[in-house]
Amino acid sequence: MRTIHNCIYIFLIPLFLLISCKNKPVECNGASIQIENRWNEFNRGIRNLKVKDRNDMAFICKRINQFSEGEEVRVSHNHGYLTIFLNGQKVDMIFTVKNGVVYRVGVGRYVYDEELTARILKLMKISNRCWGEDCK
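Residues numbered from 1 in each chain as written. Predicted model: local features only at pLDDT ≥ 70, side-chain atom pairs only at ≥ 80, totals over all residues. Heavy atoms only, no water.

Colleague: Please provide a residue-by-residue account of the overall build of the chain, values included.
Modeller: In terms of helices and strands, the chain carries 4 helices and 6 strands. Secondary structure elements of the chain occur, N-terminal to C-terminal, as α-β-α-β-α-β-β-β-β-α. For the chain, buried positions account for 38% of its 136 residues. Considering only residue pairs separated by 6 or more positions, the chain has 60% of its internal contacts joining residues 24 or more positions apart. Total accessible area on the chain is roughly 9,100 Å²; 55% of this is exposed by carbon and sulfur atoms. (Helix = DSSP H or I, 4+ residues; strand = E, 2+ residues; numbered from the N terminus. Buried < 20%, exposed > 50% of the residue type's maximum accessible area, 1.4 Å probe, protein only. Contact = heavy atoms within 4.5 Å. Areas by Shrake-Rupley, 256 points an atom, 1.4 Å probe, with all protein chains shown as cover.)

Colleague: Lay out unusual backbone geometry with the relevant residues and their values.
Modeller: Located in the positive-phi region is R44, a residue other than glycine, with phi close to 60°. Notably, K125 is not glycine yet its phi reads approximately 60°, a positive angle. For K125, the position within the fold is in the segment after α4 (114–123). Under the relative-accessibility criterion, K125 is labelled exposed at 60%.

Colleague: Summarise the side chain of D92; cite the residues concerned and give the values.
Modeller: Here D92 lies in strand β4 (residues 89–96). The class of D92 is buried, set by a relative accessible area of 11%. Contact partners of D92, with chain neighbours within four places excluded, come to Y81, L82, T83, V102, Y103 and R104.

Colleague: Outline the state of the cysteines, listing residues and values.
Modeller: Under the definition given, this model contains 1 disulfide. With a sulfur-sulfur separation of 2.1 Å, C28 is cross-linked through a disulfide to C61. Classification of the bridge connecting C28 and C61 rests on its S-S torsion, roughly -90°, and on that basis the disulfide is left-handed. With a gap of 33 residues between them, C28 in the loop between α1 (2–20) and β1 (33–36) and C61 in helix α3 (residues 54–65) connect regions that are remote in the sequence. Residues C28 and C61 agree in their burial class; the two are buried. (Disulfide = S-S within 2.5 Å.)

Colleague: I'd love a proper account of the sheet that holds strand β6 (residues 109–111), names of residues and values included.
Modeller: Strand pairing in a sheet relies on backbone hydrogen bonds. The paired strands run either parallel or antiparallel. Judged by pairing direction, the sheet is antiparallel, and its 6 strands sit side by side in the order β2-β1-β3-β4-β5-β6 without closing on themselves. Each of the sheet's edge strands pairs with one partner strand only, and the pair in question is β2 (48–51) and β6. Each adjacent strand pair in this sheet contributes to an overall mean axis angle of 30°, direction not counted. Bridge count between strand β3 (residues 78–86) and β4: 8 bridges; the pairing is antiparallel. Residue pairing across strands places G80 opposite F95, the latter belonging to β4. (Pairing = 2+ DSSP bridges. Axes fitted to C-alpha atoms, helices over the stretch in contact; angles between N-to-C directions.)

See below:
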């Protein structure tokens, strides 16, 4: 009987961890949004931005809340990333070499959102999606 309980726990714990890693919808009214750019020396953008414009806040929040389950995308080769904090929830915006800009929505799962990318690049004053030495 004890081994059955142990087996159940072995299967339930990883399942719970996978479910809890998924981005949950956030309340957009009064949302706090901060964007961090650790690659600003390379992309010449703003280092940190606390989004204050209500239209920008609503747009970013709604777009992130609409993210799907995502798909598997190769992100090991990338030019860098931005980190978006939405009410403390972290969303990585990764500039991949071959797959464009993707947003992490779970363990190994990513989504594309060109409208959100364009808006964030404009806010962060980043003029180019590729800022590595190998960019063409």
